[in-house]
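# A closer look at the structure
So the chains spell out like this:
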Amino acid sequence: MRRYSRISGTGSYLPPRRLTNADLVAKLAKHGVETSDHWIVERTGIRARHFAAPGVFSSDLGLEAARNALTAAGVDAKDIDLIIVATSTPDMVFPSTAAILQHKLGIAGCPAFDVQAVCSGFVYALTVADAMIQTGTASKALVVGTEVFSRILDFKDRTTCVLFGDGAGAVVLEASRVPGILASDLHADGKHADILCVPGHVSGGKASGDPLLKMDGQAVFKLAVGVLEDAARAVLAKAGKTEADIDWLVPHQANIRIMRSTAKKLKLPMSKVVVTVDQHGNTSAASIPMALDSAVRSGHINRGETVLLEGVGGGFTWGAILLKM
Ligand code: ACO
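Here goes a summary of the coordinates provided. Please read all numbers here as calculations on a predicted model, not as lab measurements.

All right, on to the packing of helix α7 (residues 217-239) against helix α8 (residues 256-265) then. In contact at an axis separation of 10 Å, α7 and α8 are set at 40 degrees when each is read in the N-to-C sense. For the crossing formed where α7 meets α8, the hand is right-handed. Contact residues: α7 offers F221, A224, V225, L228, E229 and R233, while α8 offers R257, I258, S261, T262 and K265. Partitioned by chemical class, the residues of the contact of α7 with α8 number 5 nonpolar, 2 polar and 4 charged.

For strand β6 (residues 140-148), the buried fraction is high: 8 of the 9 residues fall into the buried class. Sheet topology places β6 next to strand β7 (residues 166-176); 9 bridges connect them, and they run antiparallel. Paired with T146 across the two strands is A168, which belongs to β7.

A few words now on a nonpolar patch on the surface. Where nonpolar side chains cluster on the molecular surface, the patch consists of V93, F94 and V202 and spans about 390 Å² of accessible area. Within the secondary structure, V93 is located in the loop between β4 (82-86) and α4 (97-104).

In this section: the sheet that holds β4. Taken together, the 5 strands give an open sheet; going across it, the order is β1-β7-β6-β4-β5, and neighbouring strands pair in mixed fashion. The sheet is open, and its two borders are formed by β1 (4-13) and β5 (112-115), each paired with just one other strand. The sheet shows a mean angle of 20 degrees between the axes of neighbouring strands, taken without regard to direction. Across 9 bridges, β1 lies against β7 in antiparallel orientation. Its bridge partner being in β7, Y4 is matched across the sheet by S176. Across the sheet, α4 is in contact with β4, β5 and β6; its angle to β4 comes to roughly 125 degrees.

To continue, consider the environment of V220. If you trace the backbone, V220 turns up in helix α7. Note on V220: relative accessible area 12%, which makes it buried. Sequence separation between V220 and P15 is 205 residues; the distance between their C-alpha atoms is 27 Å. Each residue touching V220, except ones within four places of it in the same chain, is listed here: I195, L196, M215 and F316.

The subject of this paragraph is the sheet that holds strand β13 (residues 248-251). Taken in spatial order, the 4 strands line up as β8-β15-β14-β13 in an open sheet, and their pairing is mixed. Lying at the two open borders of the sheet, with one neighbouring strand each, are β8 (181-188) and β13. Each adjacent strand pair in this sheet contributes to an overall mean axis angle of 10 degrees, direction not counted. Each of β13 and β14 (306-313) is contacted by helix α10 (residues 287-297), which is oriented at about 155 degrees to β14, the strand it contacts most.

The next thing to look at is the side chain of T35. Here T35 shows up in the loop between α1 (21-29) and α2 (37-44). Residue classification places T35 among the buried positions, given a relative accessible area of 16%.

As a further point, take the site of the ligand. As a matter of local geometry, the ligand sits amid 26 residues, with T35, R43, C119, Q218 and N255 nearest to it. W39 places a polar side-chain atom, nitrogen or oxygen, 3.0 Å from an oxygen atom of the ligand. Its free accessible area being 1000 Å², the ligand has 75% of it covered by the protein chains. Sorting the residues of the shell around the ligand by element identifies α2, α6 (158-161), α7, α8 and β14 as the ones contributing at least two each. Broken down by element, the residue count for the shell around the ligand peaks at 4 residues, all from α7. Across the shell around the ligand, the residue classes break down as 13 nonpolar, 10 polar and 3 charged.

Cut-offs applied
- Residues numbered from 1 in each chain as written.
- Predicted model: local features only at pLDDT ≥ 70, side-chain atom pairs only at ≥ 80, totals over all residues.
- Heavy atoms only, no water.
- Axes fitted to C-alpha atoms, helices over the stretch in contact; angles between N-to-C directions.
- Helix = DSSP H or I, 4+ residues; strand = E, 2+ residues; numbered from the N terminus.
- Left-handed = near helix turned anticlockwise from the far one by under 90°.
- Contact = heavy atoms within 4.5 Å.
- Nonpolar A, V, L, I, M, F, W, Y, C, P; charged D, E, K, R; others polar.
- Buried < 20%, exposed > 50% of the residue type's maximum accessible area, 1.4 Å probe, protein only.
- Pairing = 2+ DSSP bridges.
- Patch = residues over 30% accessible without salt bridge, like charges linked within 9 Å, V, L, I, M, F, W, Y side chains within 5 Å.
- Areas by Shrake-Rupley, 256 points an atom, 1.4 Å probe, with all protein chains shown as cover.
- Salt bridge = Lys/Arg side-chain N within 4 Å of Asp/Glu carboxyl O.
- Near = heavy atom within 4 Å.
- Polar contact = N/O pair within 3.5 Å; in protein donor to acceptor, adjacent residues only side chain to side chain.

Note that all results are geometric; they support no functional claim without further evidence.
Put into structure tokens, the structure is as follows:
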């Protein structure tokens, strides 16, 4: 009998410090940087973001999200046999944030590693976990997206610093006799690396270059809307489904305009699109599991429904997963 993987629980966590657009406008004004609630809402749909306190790392946010997902799944941490963390803001250069999270969960022994695909990271990580479960390498995986993007923002650059926030989301993915994950589709094209990057690196014990986020927003926007449609169509074709089979679209929460455009191309009403970007901005690899958890906990997404997850981000990377909850 074929072995599949299925999500058995979801969880998320936002650090308590919340900055509304008005709070951010006031903070940036101190640096002589001008922006407005009107501009941010109109161009992005973002109304607030959360920033982690100093000394709080991706593993700390991931720990809270992981605990919530484990409770929802009714799974004890000691039964987890694989941990994959998607993050572009790891606690350290090494060890991996996944290994640090494993220890914070009070467990040891299972494989734990990070996946770095920026805002597509969670879709990449879930695809890897699914493959490892299908081959029998793992049976109960914890897949986490967690970020402290506030640490890599340039608060003098209004074109980027208003867009991002910190947070974490997690799922427990378990071996199943009935299909959960139906199909996935992952891509990267490194020639676009410079349109969204943090070009700094560590050398000789120091950060060299510029360790802050740079983005050509318009170039990212244009590429994103095209590749998201392609990835959605690819997973539908692989699973033998059509747009009409989609109950919910859970896109990467970067910009409401990208989400509207994707929904339109797939002929989905916005009532089928999970939108949380207004509450926390772009949390990169955390955004998809956070949005999924929010829709599950609010009773919108239910067992048996067909869900399309879609991510796009630095690399350039993109991908989609079609699954049954
Ligand atoms: N406040 C006020 N004005 C601003 C701000 C701001 N925060 N930022 C830019 N502006 C100004 C610009 O200076 C420009 O002014 P000008 O016309 O006088 O020159 C004007 O607003 C328009 O700027 P654009 O860059 O053309 O604005 P656009 O409509 O493209 O919106 C945005 C910018 C929101 C960044 C958009 O391009 C976008 O969302 N791109 C995709 C970003 C994205 O999804 N990134 C995440 C990918 S995920 C990952 O991997 C991290």
